[in-house]
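# Topology and contacts: notes
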Amino acid sequence: MKEKLLKKFAELFGEGGDILSYFSPGRVNLIGGHTDYNGGHVFPCTLTLGTYAVVRKRRDQKLRFFSQNMEQIGILESDLSDLIFNPADGFGNYLKGVIWSFIQKGYSIPYGMDLMVAGDIPSGAGLSSSASLEMVMCLILKEMYDFSDLSLSDLALIAQSAENMYCHIHCGIMDPFTIAMGKKGHALFLDTSNLSYEYIPLHLEHEKLIIAYSNKKRCIANSKYNERRRECETALYDLQKLTTISSLSELTMDAFEMVKSAISDPICVKRARHAVSENQRTIQAARALKENDLILFGKLMNQSHISLRDDYEVTGKELDTLVQAAWEHQGVLGARMTGAGFGGCTVNLVKNESVDSFIEQVGEKYQNTIGYPADFYVVKTGSGVCRC
Ligand code: GLA
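Read on for a plain summary of the structure. (Residues numbered from 1 in each chain as written. Predicted model: local features only at pLDDT ≥ 70, side-chain atom pairs only at ≥ 80, totals over all residues. Heavy atoms only, no water.)

## As for the overall build of the protein chain
Here is the rule: In this text, helices come from DSSP runs of H or I with a minimum length of four residues, and strands from runs of E with a minimum of two, each type numbered from the N-terminal end. The reference for a compact globule is 2.2 Å times residues^0.38; the radius of gyration itself is calculated from the C-alpha atoms. Under the convention used here, a 1.4 Å probe and the Shrake-Rupley method define accessible areas, while residue burial counts only the protein chains that appear. In this charge count, Lys and Arg are treated as positive and Asp and Glu as negative; neither His nor the chain ends contribute. We put the charge of a Lys on NZ, of an Arg on CZ, of an Asp on CG and of a Glu on CD.
When its secondary structure is counted, the protein chain shows eleven helices and 13 strands. Taken over C-alpha atoms, the radius of gyration comes to 21 Å for the protein chain, in line with the 21 Å a tight globule of 388 residues would show. Projected onto its principal axes, the C-alpha coordinates of the protein chain cover approximately 60 × 50 × 40 Å. Of the roughly 16100 Å² of accessible surface on the protein chain, a fraction of 50% belongs to carbon and sulfur atoms. Computed over 40 positive and 46 negative side-chain charges, the separation of the two mean positions in the protein chain equals 1 Å.

## Examining the site of the ligand
Going by this rule: Proximity criterion: a residue is near a molecule or strand once any of its heavy atoms comes within 4 Å of it. Pairing of N or O atoms within 3.5 Å defines a polar contact, subject to two protein rules: one partner must be a possible hydrogen donor and the other a possible acceptor, and residues neighboring in sequence count only if both atoms are side-chain atoms. Any residue outside Ala, Val, Leu, Ile, Met, Phe, Trp, Tyr, Cys, Pro, Asp, Glu, Lys and Arg is labelled polar, Gly included; the first ten of those are nonpolar and the last four are charged. As annotated, the domain borders come from an automatic or database domain assignment.
Around the ligand there are 13 residues in total, and H34, D36, G172, D175 and Y225 lie nearest to it. Y225 is positioned such that a nitrogen or oxygen atom in its side chain is 2.6 Å from an oxygen atom of the ligand. The separation between an oxygen atom of the ligand and a polar main-chain atom of A340 is 3.5 Å. Out of a free accessible area of 300 Å², the ligand has 97% covered by protein chains. Of the residues belonging to the shell around the ligand, the class tally is six nonpolar, four polar and three charged. No fewer than three residues from each of domain 1 (2-201) and domain 2 (207-379) sit in the shell around the ligand.

## Observations concerning the nonpolar core
To keep things clear, this is the line we draw: The definition of a nonpolar core used throughout is a set of buried Ala, Val, Leu, Ile, Met, Phe, Trp, Tyr and Cys residues joined through side-chain atoms within 4.5 Å. Note on exposure labels: buried denotes an accessible area under 20% of the residue type's maximum, exposed denotes more than 50%, and partly exposed covers the range between, all computed with a 1.4 Å probe on protein chains only. Whether two residues are in contact is decided by their heavy atoms: any pair within 4.5 Å suffices.
Core analysis: the biggest nonpolar cluster contains 47 residues, and F65, F102, M113 and L115 have the highest contact counts within it. Contributions of two or more residues to this core are made by β3 (44-57), β4 (62-67), α2 (92-104), β6 (113-119), α3 (129-144), α4 (152-166), α5 (174-181) and β7 (186-191). Per-element tally for this core: the top contributor is α3, with ten residues. The residues touching M113, leaving out its near neighbours within four places in the chain, are V55, R56, K57, R58, K62, L63, R64, F65, M137, I140, L141 and M144. In this structure, L49, A125, L127 and L294 belong to the second largest nonpolar core, which totals 30 residues.

## Here's the deal with empty space enclosed by the protein
This is how it is decided: Put simply, the grid is 1 Å and covers the protein atoms alone, a cavity is a trapped set of points that fit a 1.4 Å probe, a pocket is an open set with protein on both sides within 12 Å along at least five of seven lines, and lining residues have an atom within 4 Å of a point. Grid points are joined across faces, edges and corners, and a volume is the space filled by probe spheres set on the points.
Considering all chains together, one arrives at one cavity of 30 Å³ or more under this definition. Computed from the structure, the largest cavity encloses a volume of approximately 30 Å³. If you trace the largest cavity, you find it lined by L30, L202, L204, L209, L289, L294, F297 and L349. Considering only residue class, the lining of the largest cavity consists of eight nonpolar, no polar and no charged.

## Examining the sheet that holds β7
Rule in force here: Two strands qualify as a pair provided DSSP detects at least 2 bridges between them. Comment: axis = line fitted to C-alpha atoms, over the contacting stretch for helices; angle = value between 0 and 180 degrees taken between N-to-C directions.
If you trace the three strands from one edge of the open sheet to the other, you get β2-β7-β8, paired in antiparallel fashion. With one partner strand each, in any of the chains shown, β2 (41-42) and β8 (196-201) form the two edges of the open sheet. Sheet strands touched by α5: β2, β7 and β8. Its angle to β7, the strand with the most contacts, is close to 135 degrees. Against the sheet, helix α8 (residues 266-290) touches β2, β7 and β8, its axis set at about 40 degrees to β8.

## Some words on the environment of S307
With respect to the helices and strands, S307 occurs in helix α9 (residues 294-310). Classification of S307 by relative accessible area gives buried; the value is 7%. For S307 and A275, which are 32 residues apart along the polypeptide, the C-alpha to C-alpha distance reads 9.2 Å.

## Considerations on the pattern of salt bridges
For clarity, the threshold we go by: Any carboxyl oxygen of Asp or Glu within 4 Å of a side-chain nitrogen of Lys or Arg constitutes a salt bridge here.
Applying the stated criterion to the full structure yields 23 salt bridges. Note that E71 is salt-bridged to K8, the shortest N-O span being 3.4 Å. Separated by 63 residues along the polypeptide, E71 in the loop between β4 and β5 (76-79) and K8 in helix α1 (residues 2-13) bring together distant segments of the chain. You can call E71 partly exposed: its relative accessible area is 42%. For D310, the salt bridge is made with R309, and the minimal N-O distance between the two is 2.7 Å. Residues joined in a network through salt bridges with shared partners are K224, E227, R228, E231, K270, R271 and E313.

## Observations regarding the pairing of strand β1 (residues 20-29)
On any regular strand, side chains alternate: one points to one face of the sheet, the next to the other face. The element β1 is extensively covered by neighbouring structure, given that nine of its ten residues are classed as buried. Strand direction decides the pairing type here: β1 and β3, joined by nine bridges, are antiparallel. Bridge pairing in β3 links L20 to V55.

## Quick look at the pairing of strand β10 (residues 332-338)
Most of β10 is tucked away: seven of the seven residues are buried. As judged from the six bridges shared by β10 and strand β11 (residues 345-351), these two strands associate in the antiparallel manner. Across the sheet, residue V332 finds its bridge partner in β11, namely V350. Between the antiparallel neighbours β10 and β11 lie six residues, among them G339 with a positive phi of about 85 degrees.

Shown next, in the form of structure tokens:
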């Protein structure tokens, strides 16, 4: 892969100079859906699917970006003096957004770059292709300019602010943080209220993780993601009249039941109930994985989907069909939607011997109900963002 990319880079931008290559993974969240902006826990892992980048610093201020996944766009050209968001720049906005974010934080970026990216994360699938791009740019800038004061977790915050302030997508910290800190063979148990985390080994000897992509693109910017955030904020605002909590995740289910009458809008009660119950489930799931109790882990995944479907209402027909078909397969320990929802992917914990029949049966049911096929990826955990 690397050799091919270096060759292509030389064809596009010429040979010579200091050419560096990087890898930045995609991620899948095993459980902990829509908790990261409610001060709760998440439990994702990084994948071997990801974004490769080849880069060389320039002597002027030009930025030239090329994506092998979007060859038809050609080379996107811009300039450090013109970092304005431009919808026509597509993936280039994520890269420009990170440069903008560094500059906003007071870091000087004097020179432009030639950068080529190529990846195998299906775009729009909810496996964080955008955070993967952002994190690779973060690491490139850190190393290109020797910003040694910046830790990986600082880089994740810079990537998040690029997405929030530049791309106007109000996502939480989970995706960039996971991509920054991910570790092969482990899931990352992250408390988003204070960014403390623990690596928990994901020893799947008798099971595989299968991601099923609905082929319905989830477009987070156009989706109801921001609306859900607002509904949770409204619930929290109401609860703060009665309690001293600063996030929904500070509540246990019992405490929530006692105070929920303070929330005036019944829709917001449901949203808050999901945030609280999902956080508790995620804590339980991390414990279950530590104890190697994959049966309980799978049950918690199932409950997570039900809560996302009924209380949070972010699933939709495609994801529900995939999950329902998975639940009907006897080789499945657990299945749920993953990512923001409204399309995108499900994550499934499947016994080794059932992988083929799972793909066949779930695929068939999906095709018959929805009218077009789903794609399946038997995935492995991989490292976080790195030079390669
Ligand atoms: C998207 C966001 C994350 C998180 C998930 C839902 O992936 O980028 O921050 O909120 O949705 O869990």
